[in-house]
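What follows is the residue order along each chain.
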Amino acid sequence: MTHGPDRRVVAVVVTFNRLALLQRLVARLGEVSEVDEVLVIDNASTDGTGSWLAATPTTGETPLLHRVLPRNMGGAGGFHDGLSWAIDRDADLVWLMDDDGLPQPHCLGTLLAHDYDFWGPLVLDEDDPSRLVFPIRLPGSASVVRSLDQARSKARDGVLSDIVIPFNGVLVTAELVDLIGLPREEFFIWGDDVEYLWRAREAGARVATITDALVMHPSVGELGTEMLFGRTTYNHSPSDLKHYCMARNNLVNLRDYRGPLHALAFVVKTVWFYTFTRPSLARLRLSASAMRAGLAEEYDGHERYLR
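Starting from 1, residues in each chain are numbered consecutively following that chain's sequence as written. Local features are withheld for residues below a pLDDT of 70 in this predicted model, meaning they are given only at 70 or higher, and side-chain atom pairs are given and counted only at 80 or more; totals for whole chains, interfaces and linings count all residues. Note that the side-chain values use all heavy atoms of the structure and ignore hydrogens as well as water.

Draft legend 1. Summary view of the overall build of the protein. In terms of regular secondary structure, the protein is built from ten helices and 14 strands. Here the globule rule reads 2.2 Å times residues to the power 0.38, and the radius of gyration is calculated from C-alpha atoms. The C-alpha radius of gyration of the protein comes to 19 Å, within 12% of the 19 Å expected for a compact globule of 307 residues. Considered along the principal axes of its C-alpha atoms, the protein spans approximately 55 × 45 × 40 Å. Partitioning the contacts of the protein with sequence separation of at least 6, the portion at a separation of at least 24 is 78%. In the structure as shown, the protein presents an accessible area of about 13700 Å², 52% of it carried by carbon and sulfur atoms. Across the protein, the 30 positively charged side chains and the 41 negatively charged ones have centroids separated by 9 Å. Under the scheme used here, helices are H or I runs from DSSP no shorter than 4 residues and strands are E runs no shorter than 2 residues, and both carry numbers assigned from the N terminus. Any two residues whose heavy atoms approach within 4.5 Å at even a single point are treated as in contact. Per-residue and other accessible areas were derived by the Shrake-Rupley procedure at a 1.4 Å probe size, with only the shown protein chains allowed to occlude residues. For this count, His and the chain ends are skipped, Lys and Arg are scored as positive, and Asp and Glu as negative. Lys charges are placed at NZ, Arg charges at CZ, Asp charges at CG and Glu charges at CD.

Draft legend 2. Spatial organisation of unusual backbone geometry. You will see that Asp157, though not glycine, has its phi angle at about 55°, which is positive. When you line up the elements, Asp157 lands in the loop between helix 5 (148-154) and strand 10 (159-161). Per-residue accessibility, obtained with a 1.4 Å probe over protein chains only, is compared with the maximum for each type, and a residue is labelled buried under 20%, exposed over 50%, and partly exposed between these values. According to the relative accessible area criterion, Asp157 is exposed, its value standing at 73%. A positive phi is found at Trp190, a non-glycine position, where the angle reads about 70°. Tracing the chain through its elements places Trp190 in the loop between helix 6 (174-180) and helix 7 (192-202).

Draft legend 3. Main features of the environment of Pro103. Considering the arrangement of structural elements, one finds Pro103 in strand 6 (residues 102-103). The exposure class assigned to Pro103 is buried, which follows from its relative accessible area of 1%. On a C-alpha basis, the gap between Pro103 and Ala91 in space is 20 Å, while along the polypeptide they are twelve residues apart. Sequence-distant contacts of Pro103, that is, excluding residues within four places in its chain, are made with Leu25, Arg28, Trp95, Met97, Leu214 and Val215.

Draft legend 4. Focus on the packing of aromatic side chains. Within 6.5 Å between ring centres, the rings of Phe, Tyr and Trp (the latter by its six-membered ring) count as paired, and their orientation is classed by plane angle as stacked under 30 degrees, edge-to-face over 60, tilted in between. For the structure shown, the criterion picks out twelve aromatic pairs. Each ring, one from Trp198 and one from Tyr257, has its centre 5.9 Å from the other, and the planes form 65°; the classification is edge-to-face. Residue Trp198 is located in helix 7, and its partner Tyr257 is located in helix 8 (residues 240-257); the two are separated by 59 residues in the primary sequence. Here Trp198 matches Tyr257 in class, with each residue buried. On the numbers, 4.6 Å between centres and 50° between planes, the contact of Trp272 with Phe276 is tilted. Of this pair, Trp272 and Phe276 both sit in helix 9 (residues 260-277), four residues apart, roughly one helical turn. Overall, the relative accessible area of 38% leaves Trp272 in the partly exposed class. Its relative accessible area of 55% is what places Phe276 among the exposed residues. Our definition puts a charge over a ring when NZ of Lys or CZ of Arg is within 6 Å of the ring centre and also within 35 degrees of the ring normal. In this structure, Arg258 is placed above the aromatic ring of Trp198, and the distance from its NZ or CZ to the ring centre is 4.0 Å.

Any functional reading would require information beyond the geometric quantities listed.
Below you can see the structure in the form of structure tokens.
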């Protein structure tokens, strides 16, 4: 897949009950000259987001359109809807992001200087910009990159090939969407981004992280908690909703894309973590419930944890 220079870029933002962060992001997008249109998917927010969007037809000189979903569909449902909407509006490239990220002023321009099918920036902790919010495991390696300096030292000509942190300021081409379809909306949150990346790779997409393109993001706390004396990490979250979706969706992804042995290893890792690293009988039970649901292809169990 190759692409010409005159491409229509549509930014898609998914939001839920974070009006102040959304306003900050929309203001920034209005400063980015390469953006032709901004589409906001509101996951049925209750904090005044819908009213503010209805009264805001532009951001700077850039048209701002929005949709309010009938209920909270999570990031997965929001990106499913938003990506489809952008393609329907003749986007050549779709710039996907959550409401809590903040692209640096030259982020998009830096990305557009490269030609890939699915590519994005480094995502930095806004309280400590030397640190990556989402650690990057380099393809074909056990190495995990955790800092800006590490990422740039591992890059070749400013590019980390075959890896990207999806839906945090990533660009995806219309051609790739036509080829692989839309994100799995039933995942709600967690794992929908990884599944989309793995699907893109299987389709032969050119994937990359551009280390000079930067997005700032609030800290996510204990993501990547060390276990087994620092030999590996586990995506522990204090949120029952996040953990349920993580356990369910990760197991499904590993089963579908890596095979039963990898899926079994994830089960063992979860049992070990909540037995020895962070002992919690409640979390073991929650994990088992989520994993059973995933194997049974049941995707409504997370709704009991919604507030």
